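One letter stands for each residue in the lines below.
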Amino acid sequence: MVYTNKAYSFIYLEEKIMKVITVKNQLEGAKIGLDIVSEKMAAGAKTFGLATGSTPVEFYNQIINSDLDFTDKTSINLDEYVGLDGSDEQSYRYFMSQHLFNEKPFKANFLPNGKAADLDKEVKAYDEIIDAHPIDLQILGIGQNGHIGFNEPGTSFDVTTHVVDLTQSTIKANSRYFANEADVPKQAVSMGIASILKSKTLILMAWGHEKAEAVKGMIEGEVTESLPASVLQQHDDVIVIIDEAAASLLN
Ligand SMILES: O=P(O)(O)OC[C@H]1O[C@](O)(CO)[C@@H](O)[C@@H]1O
């Protein structure tokens, strides 16, 4: 894979290599993300794992403004809030429609149904969707507490799709999208760590000082369920794209 004119480093983790690309800003990082998507599509990638949150917004803009055609591709999102319908402006389905799907049509877009009457059935159905569409490239952000998807600290690395009780720190961090903190749902349906690790390639992006500690733990810390993103050290094809602020605590 070629990252033209970009400073990047390889972090050797026993026999695994985590590629860490440090960029000046989100725009530069988003463009590298687009290059990787484009290469993967040329190599036959059919299924893309997508994330919500502020992190991938510029990356989605780059996709929208590209000439890449996703009409024969499938997307599978990481998570959805419990209790929110896809038409609710705070739902992740709505977010994805606004930030990507309305402008870049796919063959199919899967997100968990946060309004499912039977959540046990919903998580099983979502696992079946993931099994039927192996993810070629998964996009990830990282929470300030090291969560990936909505897998909060303490989540077993072995779980597949599950219902999550959000931590107070995540509720607080995500309250910026709601009129007030009390409106933030307390639960979400999330792809599990085991499902995320099945993806062939993962790109994790992080911007800003607030993410620096989690990024350091993910790359340089021990692999621990207390910092879910640290599990990425065990995957053999992870590309981390971070700005200088998010990289600022790395050795
Ligand atoms: O990108 P943000 O808004 O900082 O959020 C961090 C992470 O938390 C989540 O919103 C929770 O799933 C992720 O989608 C995101 O990657």
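Relevant structure appears above.
Nothing here was measured: the structure is a model prediction, and the numbers come from that model.

Engineer: For the nonpolar core, give the residues involved together with the corresponding values.
Structural biologist: Formed by 63 residues in total, the largest nonpolar core has its most connected members in Ile142, Ile203, Leu204, Val215, Ala229, Val240 and Ile241. With residues near it in sequence (within four places) discarded, Leu204 still touches Leu140, Ile142, Ala229, Leu232, Val238 and Val240.

Engineer: Give a detailed account of helix H4 (residues 119–132), specifying residues and quantitative values.
Structural biologist: In this model H4 runs 20 Å from its N-terminal to its C-terminal C-alpha over 14 residues, within 8% of the 20 Å that 1.5 Å per residue would give. Among the residues of H4, those classed as buried are Glu122, Val123, Tyr126 and Ile130. Around the axis of H4, the buried residues are gathered within 95 degrees of arc, so they sit on the same side. Turned more than 90 degrees off the buried face of H4, the exposed positions are Asp120, Lys121, Glu128, Asp131 and Ala132. Contacts from the buried residues of H4 go to strand S4 (74–77), strand S8 (162–165), strand S9 (187–190) and helix H6 (193–197).

Engineer: A description of the pairing of strand S10 (residues 201–206) should follow, citing residues and the corresponding values.
Structural biologist: Side-chain positions along a regular strand alternate between the two faces of the sheet. Of all 6 residues in S10, 5 are buried, a share of seventy percent or more. In this fold, S10 hands off to helix H7 (residues 212–220), which returns the chain to strand S11 (residues 238–243); that crossover is right-handed.

What counts and what doesn't
- Residues numbered from 1 in each chain as written.
- Predicted model: local features only at pLDDT ≥ 70, side-chain atom pairs only at ≥ 80, totals over all residues.
- Core = buried A, V, L, I, M, F, W, Y, C linked by C-beta atoms within 7 Å.
- Buried ≥ 20, exposed ≤ 12 C-beta atoms within 10 Å, placed from the backbone.
- Contact = placed C-beta atoms within 7 Å.
- Helix = DSSP H or I, 4+ residues; strand = E, 2+ residues; numbered from the N terminus.
- Expected span 1.5 Å × (residues − 1).
- Arc of directions from axis to C-beta.
- Right-handed = clockwise from strand over helix to strand, strands pointing away.

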